[in-house]
Amino acid sequence: MDIQKSKQEFLELLRSTGRDGVEDLIKGLEDMGFFSAPASAGHHLNKEGGLLKHSLNTCRAALMVWEGMKALEPGLEKEVGRDNVIIASLLHDVCKSDIYKRSVKKRKNALGIWEDCEGYKISYRDFPMGHGEKSVILLLCNGLEMTDDEMLAVRWHMGAWGINMNSFEDQRCYDASQKLYPLVVIVQAADSLAANIMERSGEEMDEL
């Protein structure tokens with residue numbers, strides 16, 4: 001993948017929102033290592049620039065879902081704007097910027113023989129603040145102005161996977177967010193479409 005080309009597309013989308021704090025946020029993303037981080041340690045886009053690519057894929061999918069749903073529910077445009085979709089989908093995984101560290105891992109080659117390969121391990125030492133909630137905090141701390149629905153869409157983008165099932169409060173907050181803010185559901189759907197359709201690899205398919 002062309003990281004510089006993807007970065008340019010990312011910055012153009014982000015700046016197109018005209019949102020206060022965007023330039024401060026861009027500097028913060030640079031400092032966090034967002035643009036070179038992988039999207040995972042061993043699954044989709046586990047390579048340099050993978051997080052950037054996943055963010056763009058999620059944004060593209062979210063915009064398509066938004067456009068399609070407006071055709072079915074014309075009133076949606078009054079609740080969710082294009083800028084809201086871009087902000088929430090493009091920045092939902094900022095929390096991953098600092099958790100992947102380069103390491104040497106073992107994997108089987110085509111002959112079934114274990115060999116060393118370069119990869120990533122996960123560490124939560126830098127800022128152990130969960131997932132979606134960490135993204136929201138980092139975005140706000142780096143100067144981005146966010147609407148309520150954007151914050152909740154980022155917080156709950158993992159859907160049910162992001163709920164503490166021992167917490168009645170978590171469950172109620174998640175359910176309420178979905179009902180009150182369509183953006184929450186749009187970003188959840190887009191994240192899943194990106195990871196499981198746009199980014200699936202032949203290697204992953206072989207492992208099923």
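As a reminder, the structure under discussion sits directly above these lines.
In this report, the structure presented in the accompanying data block is examined. (Residues numbered from 1 in each chain as written. Predicted model: local features only at pLDDT ≥ 70, side-chain atom pairs only at ≥ 80, totals over all residues. Heavy atoms only, no water.)

## Structural notes on helix α9 (residues 182-198)
Under the 1.5 Å per step criterion, the end-to-end length of α9 is 23 Å for 17 residues, consistent within 8% with the ideal 24 Å. Buried residues of α9: Leu183, Val184, Ile186, Val187, Gln188, Ala190, Asp191, Ala194 and Ala195, and no others. Where α9 is buried, its residues contact α3 (50-72), α4 (76-79), α5 (82-90), α7 (148-155) and α8 (168-180). (Helix = DSSP H or I, 4+ residues; strand = E, 2+ residues; numbered from the N terminus. Expected span 1.5 Å × (residues − 1). Buried < 20%, exposed > 50% of the residue type's maximum accessible area, 1.4 Å probe, protein only. Contact = heavy atoms within 4.5 Å.)

## Concerning the pattern of salt bridges
Throughout the structure, instances matching the rule amount to 11 salt bridges. Arginine 19 serves as the salt-bridge partner of glutamate 150, at 2.8 Å between the closest nitrogen and oxygen. Of this pair, glutamate 150 sits in helix α7 while arginine 19 sits in the loop between α1 (3-16) and α2 (22-32); the two residues are 131 residues apart in sequence, bridging distant segments of the chain. With respect to class, glutamate 150 is no different from arginine 19; both count as buried. With a shortest N-O distance of 3.7 Å, arginine 155 and glutamate 133 are connected by a salt bridge. Here the residue arginine 155 occupies a position in helix α7, and glutamate 133 occupies one in helix α6 (residues 132-141), the gap between them amounting to 22 residues. For arginine 155, a relative accessible area of 17% translates into the label buried. (Salt bridge = Lys/Arg side-chain N within 4 Å of Asp/Glu carboxyl O.)

## Notes on the packing of aromatic side chains
Scanning the entire structure with this criterion turns up four aromatic pairs. Ring geometry for tryptophan 156 and tyrosine 174: centres 5.5 Å apart, planes at 55°, overall tilted. Of this pair, tryptophan 156 sits in the loop between α7 and α8 while tyrosine 174 is found in helix α8, placing the two residues 18 residues apart along the sequence. Of the two residues examined, tryptophan 156 and tyrosine 174, each falls in the buried class. Taken together, the aromatic side chains of Phe10, Phe34 and Phe35 make up a single cluster linked through ring pairs. Directly above the aromatic system of tryptophan 66 lies the positively charged group of lysine 70, at a separation of 3.7 Å from the ring centroid. (Phe/Tyr/Trp six-rings, centres within 6.5 Å; stacked < 30°, edge-to-face > 60°. Lys NZ or Arg CZ within 6 Å of the ring centre and 35° of its normal.)

## Observations regarding α5
With respect to burial, α5 is a largely interior element, seven of its nine residues being buried. Taken together, the buried positions of α5 are occupied by Asn84, Val85, Ile86, Ile87, Ala88, Ser89 and Leu90. Check the buried side of α5 and you find it contacts α1, α3, α7 and α9.

## Concerning the nonpolar core
Phe10, Leu14, Leu29, Phe34, Leu90, Leu91 and Leu144 are the most contacted members of the largest nonpolar core, which has 43 residues in total. Looking at this core, the elements with two or more residues in it are α1, α2, α3, α5, α6, α7 and α9. With eight residues, the top contributor of residues to this core is α3. In contact with phenylalanine 34, other than residues within four places in its own chain, are Phe10, Leu29, Leu51, Leu52, Ser55, Leu90, Val94 and Ser97. (Core = buried A, V, L, I, M, F, W, Y, C linked by side-chain atoms within 4.5 Å.)

## Some points on the state of the cysteines
This model, assessed by the stated rule, comprises zero disulfides. Free cysteine cysteine 95: the closest other cysteine sulfur is in cysteine 141, separated by 14 Å. Residue class for cysteine 95 comes out buried when judged on its relative accessible area of 3%. Note on cysteine 173: no disulfide assigned, nearest cysteine sulfur contributed by cysteine 95 at a separation of 19 Å. With relative accessibility at 35%, the residue cysteine 173 sits in the partly exposed group. (Disulfide = S-S within 2.5 Å.)

## Considering the side chain of serine 89
Relative to the elements of secondary structure, serine 89 occurs in helix α5. Setting aside its immediate chain neighbours within four residues, serine 89 contacts Ser55, Thr58, Cys59, Ala62 and Val187.

## Section: the side chain of asparagine 84
Residue placement: asparagine 84 occurs in helix α5. The exposure class assigned to asparagine 84 is buried, which follows from its relative accessible area of 12%. Of the polar contacts made by the side chain of asparagine 84, one reaches the backbone nitrogen of glycine 81; its length is 2.8 Å. (Polar contact = N/O pair within 3.5 Å; in protein donor to acceptor, adjacent residues only side chain to side chain.)

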